[in-house]
Amino acid sequence: MKHLLVALALSIFGCSHSQDCAYTFLGELTDFHDGTPITSATIFITEQNKYLVSDLDGKFKIENLCKGILTLTISHVGCETKTVRFDLLGDTFKSILIEHHLEELNEVALLGNVSKNETQTSQETVLKAKTLKKYSALSLGDALKEVAGVSSINTGSTIVKPMINGLLGSRLLILTNNVRLQDQEWGIEHAPNIDINSAEEISVIKGSGALAFGGDAIGGVIVVNPSRIIRVDTLYGKTSIGGQTNGRGYNVSSVLNKNYSSGWFAQLQGSYKRNGDFEAPDYNLTNTGLVSNALSARFGKRNFESGFEVYYSYLNNEIGILGASHIGSIFNLNEAINSGQPLLIRDFSYDINPPKQDVTHHLAKASYYKRFKNFGKVSVQYDYQNNQRLEFDRRIGDRRNIPAVDLTLQTHSVLADVNLDTNLDRKVNFGLMSRYQNNFASPDTGVRRLIPDYNKYDFGTYITSEWRLNDRLLVDAGIRYDFNRIDAKKFYLNSRWEERGYDADFSDIILEELGTQLLTNPVFDYHNISAAAGLKYQFNNHSSILGNYSLSTRPPNVSELFSDGLHHSAARFEIGDLRFNQEVSNRVSATYVYSTSQLSFTTELFYNNIRDFIYLRPLGFILTNRGPFPIWEYKQTDAQMFGIDLTMTYNLSDAFQWQNKTAFIKGYDLNTDLPLIDIPAFNTINQIAYKNEKWNGFMASLKSEWVFEQNEFPDFNFEVEDQLTEERIPIDISSPPPAYHLLHFFSEATFALSENTSLNVAFAVNNIFNTLYRNYLNRLRFFADDLGRNITLQVQLNY
């Protein structure tokens, strides 16, 4: 028995040592796109704790392997590190795909001062997180003015509507996390519903060169991007708290990110802002407070070959509008213009009373992408937006708390995009877009609806291509077609219908005659062609030139077509026109860029010819049951705009830097030879900055902002008769205010609290000398001065 047990043990021991460890693994590394071999890649064999290098054919061999799991980690310069596992059952050959062009494909997390442009040949500026954090308590429109040539139309200090080279509203396309913003952008006092704290990077593209985003961006495209996904096991975030003296405002914002090396990620972000009445140098600006609440969340998984994302954002803004700006009649407007100060001034308060806006915006999206070998990347996306806009006027009785405007806009969009990038010297991108939009104007307001109920249907398709002809020259081109249909239900007073001549031109759209008014069903179809072509030539490592031509077509928006009533938030009567054609823009631009370690400057020239340009102009007054009100009517003409934007930075030494941003633009009505209304005046900003890294990264700057008087403007002044005295009263609604000069101070330092935690402290003073001024592009310049001195303090904890 003893001998039997010994024999059995020897048999088992012998079998265990006779396991076959003579297997061979042959691997071949090839590029995911074009199948070319990846040479000199490093392969780490986990089970053997040793390294190999691929040969000139991208191949490598591992011998004397045992049955079981083989784990390889493959790395190469310019490639994403990849880990693969195989279950060996014998000799094995595997072809392993490696991505060798991550930077060119914009698939890596860019750190430090590196940024990635959305376009190659368009005039584009990228604002990064370091700049955006200065505007945590402000708005998107405020931050965008960091770019030369970008200004804004303001309604006070809290409603800031971006303007690029003199164009705004429906002529600007705004994307947030790859979703086109749909939020009643037609109103001059409707600011974009975006929380600036949700942005990690913003690209400003002048003109319509980015055809994949849309063909109607006559003015430009604003791309708001969240933080990039880092495929590392990490948890990080930041929290900012700030306060300001003007308006006695305070704000808090926080964001938390969780990322995994497997590609899974999640982010949660929120912010809160509150301001009371702001102050001009000499008085309170009564009823100009703001309360803002924002929240966003995103999660998903992102790897090179595939990924998905689910995103949701919420924003609610309650915004007070200067109480003195809501006039009772045209005579109040004349009195306000000539008084030099608001007709209503009260003590400071956080209360927000009518007139005011209450706007809520929801956005949800789901996206997915998949890469295919030797083909490219296919992306699909669905997004939904719900925008509710409430505008409150001063009302009495039971309707005191009922809005005068109550609009709900719902938008559904589906996008599909194909990027053929197997040959990175000749990329092709094409896609489809479909969108359905429904607007409901509540009849419960008790006043005539300014904007009607409507359904809008959009379909678009595009193709763009990019060719790198050699190391110095890159050329791109594209074309896009869009179809738009607007199907509205609109009530017209019989008198207005006949006055506009609609009885002759649109008698076939009448659905029902209702005594003194008509119910109509206007349906308009628009076919739009857009195109772009550009080039970029790199002279050397320091200088390059860009040239771009773009053709863009924009159909009239619902306000331009259907406005017919008192716009309470703007305190004026507005009239649209059903006969409007599409705007057609031909824009030519040239850019020269020079950059060295000491000096960098960018010169941007542009000329924009716009056929059938639509604009809003004052035409006198109209009698209402509240007295005479200024009447503004949409008109159509041919226009041209041209100008130059300059940006220059010069390092005086290791510690001192000087920067200049200058913008000059002119705009003319080609049919009347008159200047266009609301064109920004010449402005130039100079800044001197000091920085010392040894003092916890201390930086301090003094900024000089000089805005000239607009000396070219159309004279739309008019007279109104006082029926009591029969006196003719001139109403100066056109003359711009005088030039002004402001000084601003900003400083910051960052203190390391631990290896992974730091505290940034920023202190600023805007309008240091409490200068009295009025901005031509502020709608409330007729009623009050702009903001006085404002001292701000902000701390940001990075962890």
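So, here's what we can say about the structure. Every chain is numbered on its own, with residues counted from 1 as its sequence reads. Whole-chain, interface and lining totals are the exception, using all residues; otherwise, since this is a predicted model, local features are given only for residues with pLDDT of at least 70 and side-chain atom pairs are given and counted only at 80 or more. Remark: hydrogens and water are excluded; side-chain values derive from all non-hydrogen atoms of the structure.

## Digging into the overall build of the protein
By definition, any uninterrupted DSSP run of H or I lasting at least four residues is a helix, any uninterrupted run of E lasting at least two residues is a strand, and each is numbered from the N terminus. Scanning the protein from N- to C-terminus turns up seven helices and 45 strands. The globule rule used here is 2.2 Å times the number of residues to the 0.38 power, and the radius of gyration it is set against is calculated over C-alpha atoms. On C-alpha atoms alone, the protein measures out to a radius of gyration of 31 Å, which is about the 28 Å that the 2.2 N^0.38 rule sets for 799 residues. Across its three principal directions, the C-alpha atoms of the protein cover 130 × 65 × 60 Å. Counting all 799 residues of the protein, 53% fall into the buried class. In the protein, the share of contacts with a sequence separation of at least 24, taken over all contacts with a separation of at least 6, comes to 65%. In this charge count, Lys and Arg are treated as positive and Asp and Glu as negative; neither His nor the chain ends contribute. Throughout, a charge is located at the NZ atom of Lys, the CZ atom of Arg, the CG atom of Asp or the CD atom of Glu. Placing the 73 positive and 90 negative side-chain charges of the protein at their respective mean positions leaves the two points 6 Å apart. Burial classes: relative accessible area under 20% of the type maximum marks a residue as buried, over 50% as exposed, and values in between as partly exposed (1.4 Å probe, protein chains only). Contacts are assigned to residue pairs that have any heavy atoms within 4.5 Å of one another.

## Considering the sheet that holds strand S7 (residues 92-98)
The sheet built from three strands is open, its strands ordered S4-S1-S7 with mixed pairing. Only two strands of the sheet have a single partner each, and these edge strands are strand S4 (59-65) and S7. When the angles between neighbouring strand axes are averaged without regard to direction, this sheet yields 20°. Bridge analysis of strand S1 (residues 23-31) against S4 gives five bridges, and the strand direction is antiparallel. By the bridge assignment, Leu26 is partnered in S4 with Lys61. When DSSP finds two or more bridges between two strands, those strands count as paired. The angle between two axes is taken between their N-to-C directions and runs from 0 to 180 degrees, where each axis is a line fitted to C-alpha atoms and a helix contributes only its stretch in contact.

## Some words on the pattern of salt bridges
The salt bridge criterion pairs a side-chain nitrogen of Lys or Arg with a carboxyl oxygen of Asp or Glu, the two atoms within 4 Å. Under the definition given, this model contains 34 salt bridges. A salt bridge links Arg496 to Asp564, with the nearest nitrogen and oxygen atoms 3.0 Å apart. With Arg496 in helix H5 (residues 494-499) and Asp564 in strand S33 (residues 564-567), this pair connects stretches of sequence that are 68 residues apart. You can call Arg496 buried: its relative accessible area is 11%. Under the relative-accessibility criterion, Asp564 is labelled buried at 3%. Glu633 is the partner of Arg500 in a salt bridge, and the nearest nitrogen-oxygen pair spans 2.7 Å.

## Some details on the side chain of Arg435
Its location among the elements puts Arg435 in strand S26 (residues 426-441). The exposure class assigned to Arg435 is buried, which follows from its relative accessible area of 12%. Distance and chemistry together define a polar contact, namely a pair of N or O atoms within 3.5 Å, with one atom able to donate a hydrogen and the other to accept it when in protein, and with adjacent residues in sequence counting only for side-chain atoms on both sides. At a separation of 3.0 Å, a polar atom in the side chain of Arg435 contacts the side chain of Ser413. Contacts of Arg435, omitting those with residues within four sequence positions, involve Arg180, Gln182, Thr411, His412, Ser413, Lys456, Tyr457 and Asp458.

## Remarks on the sheet that holds strand S6 (residues 82-88)
With antiparallel pairing, four strands are arranged side by side in an open sheet as S3-S2-S5-S6. Only two strands of the sheet have a single partner each, and these edge strands are strand S3 (50-53) and S6. Ignoring strand direction, the axes of neighbouring strands in this sheet form an average angle of 25°. As paired strands, strand S2 (residues 42-45) and S3 are joined by four bridges and run antiparallel to one another. Across the sheet, the residue bridging to Ile45 is Lys50, located in S3.

## Here's the deal with the packing of aromatic side chains
The description of two aromatic rings rests on the distance between their centres and on the angle between their planes. A pair of aromatic rings is counted whenever rings of Phe, Tyr or Trp (Trp by its six-membered ring) have centres within 6.5 Å, and the orientation is called stacked for planes under 30 degrees apart, edge-to-face for over 60 and tilted otherwise. Applying the stated criterion across every chain, the model contains 31 aromatic pairs. Where Phe656 meets Tyr690, the ring centres are 5.0 Å apart and the plane angle is 50°; that geometry is what we call tilted. Here Phe656, found in strand S38 (residues 656-669), pairs with Tyr690, found in strand S39 (residues 683-692); they are 34 residues apart in sequence, far enough to count as distant. With a relative accessible area of 38%, Phe656 lands in the partly exposed category. Following the ring pairs from residue to residue traces out a cluster consisting of Tyr492, Trp497, Tyr502, Phe506, Phe524, Tyr526 and Phe562. A ring has a charge above it when a Lys NZ or an Arg CZ is no more than 6 Å from the ring centre and no more than 35 degrees off the ring normal. Residue placement shows Arg248 over the ring face of Phe348; its charged tip is 3.9 Å from the ring centre. For Lys258, the ring lying beneath its charged end belongs to Tyr260, and the centroid distance is 4.7 Å.

## Describing empty space enclosed by the protein
Space inside and on the surface of the protein is sampled on a 1 Å grid over the protein atoms alone, with a cavity defined as a set of points where a 1.4 Å probe fits but cannot get out and a pocket as an open set with protein on both sides within 12 Å along at least 5 of 7 lines; lining residues have an atom within 4 Å of a point. Grid points are joined across faces, edges and corners, and a volume is the space filled by probe spheres set on the points. According to the stated counting rule, one finds 10 cavities of 30 Å³ or more in the structure shown. As a volume, the second largest cavity reaches approximately 150 Å³. As for the second largest cavity, its lining consists of 18 residues, of which Gly156, Ser157, Leu285, Thr288 and Leu780 are closest to the centre. Each residue gets one of three labels, nonpolar for Ala, Val, Leu, Ile, Met, Phe, Trp, Tyr, Cys and Pro, charged for Asp, Glu, Lys and Arg, and polar for the others, Gly among them. Along the lines of polarity and charge, the residues of the lining of the second largest cavity split into eight nonpolar, seven polar and three charged.

## Digging into unusual backbone geometry
A cis geometry characterises the amide bond from Pro354 onward to Pro355, with omega recorded as 5°. Here Pro355 is to be found in the loop between helix H4 (330-339) and strand S23 (356-372). Positive phi, close to 60°, is recorded for Asp612, a residue that is not glycine. You can call Asp612 buried: its relative accessible area is 19%. At Asp673, a position not held by glycine, the phi torsion is positive, near 65°. Within the secondary structure layout, Asp673 lies in the loop between S38 and S39.

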